[in-house]
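Descriptive analysis of the structure
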Amino acid sequence: MTTQPRDPSQLWTVAGGGPGRRGLWGGRVHLEPEPIRRLPARGAVQASVVFDAEDRVLVADMAGWIQAFSSEGRPLWQRPLEGAVSASPAVDAAKGRVYVGTHLGWVYALSTADGAVLWRQRLPTQSDARIVADLLFLPLAQTVVMSSWGGRYHALEAETGEPGRSWDAGISPQAGASADDSGTLYFNRAVRGEGVACVRLAGDGTETVLHRQPEGQRGAGRMLTSASPLVDDTRSVVYFCVNGDLETRVRAWSLREESLLWSREVARFTVATPALCEDGAVVLAGLDGGLRAFDASGTPRFSYATGAEYLLAGPVGDAEGNVFLGDPLGRVHAVDRAGAGRVLFEAPRSIQARPAFDRHGHLHVGCTDRTVIVFRNRLATAD
């Protein structure tokens, strides 16, 4: 059965919302301070929650289960998988499918209606089979893209799971690929002797290195590539984070001019994918526990200290520039466009998953206490 989402622009089907991983929900959000519900998982939740066209809430966990809940929190189905899940799944909303990758290298296609296994495929590798980078579904190409610690990206046919194109993912391929509206891919790749490159991969397999940062003193093996690129289709800009010896460089690349717009240095590493604001500003969570925003020209907008020693999960935001994120102390922060922030809620365990908005702007936050915490958007309107 083919179902069209009621509002495709607000349906978050992958980590960060859509293929560009912008983390931007297009409406206004005013969250209630107490959760309206907690969705039970079988294990710690490190993957972002995703949604299908019928507003089902899909939760994958480190115990190797994926579950579906209704938008009201009612359990619908659950399915055990071979291997833990830390990579965020990807949904084909039109065909009602969710794609999941596990730490044993298995990729599953499941029906979002009842959890039936449509196909499964194991990625070929000569080393570590773990799939840890967030999955990506490309509607135009009808492919699912993922990588494993084996050091290769793979594009599988969405309908059958048959292997398609495969290409080099470099050292420590933790960062998921991102895509623009045309399906062109963007990813970071670390290579010994070369450093880290931000690469564009066209549909015909042509690779273009947009920018390369040479190896630091510690070598490319220490240049973590964990944050996915962020694609701003409206302004034709790709943002990417490159870790050096101790610092991160945030770079903005113009796809119109095929040149670097700006570059800014942040004192510590970054492993979390940034978020985009409606006006083109980019918000970055660092391993120093700080949240920083730069406007579309690269001018610093604000710096907010969470009080945590580091941040693993990326932020998300709304149309008014408000930003939300969780930290390893279990706290959910709400920060406005001027950088004034507060702790909205404190969970009992660490938050390592990027939050996700449903179609109404209700925030879903995965926690390592085996729950997904749901905060209601007071400004939500019924269909």
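Everything numeric in this text was worked out from a predicted model, so none of it was measured.

1. A few points about the packing of aromatic side chains
Scanning all chains against the criterion turns up eleven aromatic pairs. Each ring, one from Trp 167 and one from Phe 187, has its centre 6.3 Å from the other, and the planes form 45°; the classification is tilted. Residue Trp 167 is found in strand S13 (residues 163-168), and its partner Phe 187 is found in strand S15 (residues 185-191); the two are separated by 20 residues along the sequence. Among the residues examined, Trp 167 registers a relative accessible area of 5% and is labelled buried. Arranged with centres 6.1 Å apart and planes meeting at 85°, the rings of Phe 324 and Phe 357 form a pair that is edge-to-face. Here Phe 324, found in strand S27 (residues 323-326), pairs with Phe 357, found in strand S30 (residues 356-357); they are 33 residues apart in sequence, far enough to count as distant. Judged on exposure class, the residue Phe 324 and its partner Phe 357 are both buried. Members of the aromatic cluster, joined through ring pairs, are Trp 12, Trp 25, Phe 324 and Phe 357. Across the ring face of Trp 65, the terminal group of Arg 42 is positioned such that the distance to the ring centre comes to 3.8 Å.

2. Looking at the nonpolar core
Nonpolar side chains tend toward joint burial in soluble globular proteins. Among the nonpolar cores identified, the biggest contains 32 residues, and Val 59, Phe 324, Phe 357, Leu 363 and Phe 375 are the most heavily contacted of them. Elements with a minimum of two residues in this core: strand S3 (57-60), strand S28 (331-335), strand S29 (341-346), S30, strand S31 (363-367) and strand S32 (371-375). At four residues, S32 tops the list of elements feeding residues into this core.

Thresholds, definitions, all that
- Residues numbered from 1 in each chain as written.
- Predicted model: local features only at pLDDT ≥ 70, side-chain atom pairs only at ≥ 80, totals over all residues.
- Heavy atoms only, no water.
- Phe/Tyr/Trp six-rings, centres within 6.5 Å; stacked < 30°, edge-to-face > 60°.
- Helix = DSSP H or I, 4+ residues; strand = E, 2+ residues; numbered from the N terminus.
- Buried < 20%, exposed > 50% of the residue type's maximum accessible area, 1.4 Å probe, protein only.
- Lys NZ or Arg CZ within 6 Å of the ring centre and 35° of its normal.
- Core = buried A, V, L, I, M, F, W, Y, C linked by side-chain atoms within 4.5 Å.

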